[in-house]
Amino acid sequence: MTTRTLPWKPPPAVDVEALPVGRWWDAVRAAPMVGERALKALGDETGAVIQDMYGTLYWLVAVGSIERNWQLRGVRLLTELADESTYLGVPPVSWTTGPKSHWRVPLGPNRYLTDPWRLREALAEADRAEYGPMPEGRQLCYRCQLPTDEPIPVDVEARTNGVGQIIYACPTHAPLYPTGQQPRILTSAPASEPEGRR
C-alpha cells in the first residue's frame, strides 16, 4: 500500500461525481463476488475502495501502474485511453455506508492507493476460488451465444455416457443462470452418473 499522501481528495460534493481516470489515479473494478473475496484477502494491505450501489468494488491504484493483460473474470482495468476518456463515479468522502455508492474502505493518510501487484494476486486467487480454473480458449455464453474470453462455468449438463458438458456464461449473464443458484466452481458441481460401460 502506498503510504504517502497524494495531492488529491474527493471534491466537496453532495452527490457522486464523475472524475476522469488517469489524472490522479487509475482504478480496478471487480464484480461483487470476486471483489469481496479479494478485499478479505488483502485485509490491511488494501487502499481506499469505492463500492457502487450494485456491490461492485473499485480500487484506486497509481496512474500507469497496471498492465492491460490481467485476464481475470469480472475484473476491468480503468485507465486513460488515447482515443477516449474514462470516468469513475466518486462519492463524497463522508459517504461511508450504502446502499448508494460509498467508500467501502474510507480514504485516509495511510489508506489511499492499493499496490497493483498485491491487488492482482488477491483478485486472481478470488477468481479461482469463485469460478474454478480458467478454461482454455474462448467459450460460448449459454444466454447470448457469443464467445467470451472470461468464461464462467455455471453448470454441468449430464449426458448418457456419464461425461457432463460444462455450460459457460459471460460475466454479465452468469448471475442470471436459471437454476437460481450462484455460479459454482466445477469441483462443487453435482456428480453425474458413474462412468462405465453399459
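Residues numbered from 1 in each chain as written. Predicted model: local features only at pLDDT ≥ 70, side-chain atom pairs only at ≥ 80, totals over all residues. Heavy atoms only, no water.

Along the chain, E17 turns up in strand β1 (residues 17–20). The class for E17 is partly exposed, based on a relative accessible area of 30%. Here the alpha-carbon distance between E17 and Y87, two residues 70 residues apart in the chain, equals 9.3 Å. (Helix = DSSP H or I, 4+ residues; strand = E, 2+ residues; numbered from the N terminus. Buried < 20%, exposed > 50% of the residue type's maximum accessible area, 1.4 Å probe, protein only.)

All right, on to the nonpolar core then. Core analysis: the largest hydrophobic core is formed by 30 residues, its most contacted members being V28, W59, W70, V75, L119 and L123. Per-element tally for this core: the top contributor is helix α2 (residues 116–131), with 6 residues. Of all hydrophobic cores here, the second largest spans 16 residues; its members include Y58, L60, L78 and Y112. (Core = buried A, V, L, I, M, F, W, Y, C linked by side-chain atoms within 4.5 Å.)

This part takes up the pattern of salt bridges. Enumeration over the complete set of coordinates arrives at 6 salt bridges. With its nearest N and O atoms 2.5 Å apart, the salt bridge here joins E130 to R37. In this pair, E130 is assigned in helix α2 and R37 in helix α1 (residues 32–42), connecting sequence segments 93 residues apart. Given the relative accessible area of 14%, E130 is considered buried. Judged by relative accessible area, which is 40%, R37 ranks as partly exposed. We note a salt bridge from R73 to D127, for which the minimum N-O separation is 2.8 Å. Separated by 54 residues along the polypeptide, R73 in the loop between β4 (57–61) and β5 (75–78) and D127 in helix α2 bring together distant segments of the chain. Each of the two residues, R73 as well as D127, counts as buried. (Salt bridge = Lys/Arg side-chain N within 4 Å of Asp/Glu carboxyl O.)

This next bit is on the packing of aromatic side chains. Applying the stated criterion across every chain yields a total of 1 aromatic pair. Note on Y142 and Y177: the rings are 4.9 Å apart at their centroids and 80° apart in plane angle, and the pair reads as edge-to-face. Note that Y142 is positioned in the loop between β8 (139–140) and β9 (147–148) and Y177 in the segment after β11 (165–169), a separation of 35 residues in sequence. Taking relative accessible area as the criterion, Y177 reaches 11% and is therefore assigned buried. (Phe/Tyr/Trp six-rings, centres within 6.5 Å; stacked < 30°, edge-to-face > 60°.)

Looking at the protein chain as a whole, the pLDDT averages 81, with 82% of positions reaching at least 70. Overall, residues 183–198 carries pLDDT values under 50, and its contacts beyond four positions in sequence, including any with other chains, amount to 28 contacts. (pLDDT = per-residue confidence, 0-100. Contact = heavy atoms within 4.5 Å.)

Take the environment of L77 next. Topologically, L77 is positioned in strand β5. Residues L77 and E67, spaced 10 residues apart in sequence, show a C-alpha to C-alpha distance of 8.3 Å. Discounting residues that sit within four places of it in the chain, L77 has contacts with A27, V28, I66, E67, R68 and W70.

An α-helical segment advances 3.6 residues per turn. Residues three or four places apart therefore align on the same side. Taking 1.5 Å of rise per residue, the 16 residues of α2 would be expected to cover 22 Å, and the 22 Å separating its terminal C-alpha atoms lies within 8% of that figure. Among the residues of α2, those classed as buried are P116, L119, A122, L123, A124, A126, D127, E130 and Y131. Tucked into the core, α2 has its buried residues touching β2 (26–30), α1, β4, β5 and β10 (152–157). Regarding α2, its N-cap is D115, as a side-chain oxygen of that residue lies 3.0 Å from the backbone nitrogen of W117 further along. (Expected span 1.5 Å × (residues − 1). Polar contact = N/O pair within 3.5 Å; in protein donor to acceptor, adjacent residues only side chain to side chain.)

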